[in-house]
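# Report on the structure
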Amino acid sequence: MWFCPLDGTLLQVQIMPDSPTFWRCSTCPYSCVISNQVTNKIYPKCKEVDDILGGATAWENVDRTMAVCPQCSHSEAYFLQIQIRSADEPMS
């Protein structure tokens, strides 16, 4: 990104047929011929993703109910209730 040296506005590329390409300021009369191609790629660093549900330790002390799984025939089901909205609304 290039900025206008007079007022700091982001410069725009002006392409006209049969003429050179210009950097042009949208708020003042500043313009400058683009003489060479400028490319620069900067990739942002990825931040570490936190486990929002607490990972494996969150399932140690959860509620359970007696229900038979149709796939594995296990007799208990574990569930966790969390607050995903504001405090005046019920849990999900």
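Our subject is the structure that appears above.
None of these values were measured; they are calculated from a predicted model.

## Here we look at the packing of aromatic side chains
In the structure shown here, the tally under the stated rule is one aromatic pair. Ring geometry for W2 versus W23: centroids 6.2 Å apart, planes at 50 degrees, classification tilted. One end of the pair, W2, is in the segment before strand 1 (12-14); the other, W23, is in strand 2 (residues 22-24), and 21 residues separate them in sequence. Exposure remark for W2: the relative accessible area of 41% places this residue in the partly exposed category.

## Describing the nonpolar core
The biggest cluster of nonpolar side chains holds five residues, and these are C4, L11, W23, C25 and C28. Setting aside its immediate chain neighbours within four residues, C25 contacts C4, D7, T9, L11 and Y30.

## Looking at unusual backbone geometry
Positive phi is not limited to glycine here, since D18 has a value of about 60 degrees. Looking at the element boundaries, D18 is found in the loop between strand 1 and strand 2. For S73, which is not a glycine, the phi torsion comes out positive at approximately 65 degrees. On the secondary structure map, S73 appears in the loop between strand 4 (63-66) and strand 5 (76-79). Looking at S73, the relative accessible area reads 55%, which means it is exposed.

Rules used throughout
Residues numbered from 1 in each chain as written. Predicted model: local features only at pLDDT ≥ 70, side-chain atom pairs only at ≥ 80, totals over all residues. Heavy atoms only, no water. Phe/Tyr/Trp six-rings, centres within 6.5 Å; stacked < 30°, edge-to-face > 60°. Helix = DSSP H or I, 4+ residues; strand = E, 2+ residues; numbered from the N terminus. Buried < 20%, exposed > 50% of the residue type's maximum accessible area, 1.4 Å probe, protein only. Core = buried A, V, L, I, M, F, W, Y, C linked by side-chain atoms within 4.5 Å. Contact = heavy atoms within 4.5 Å.

The quantities given are spatial measurements derived from coordinates; they are silent on function.
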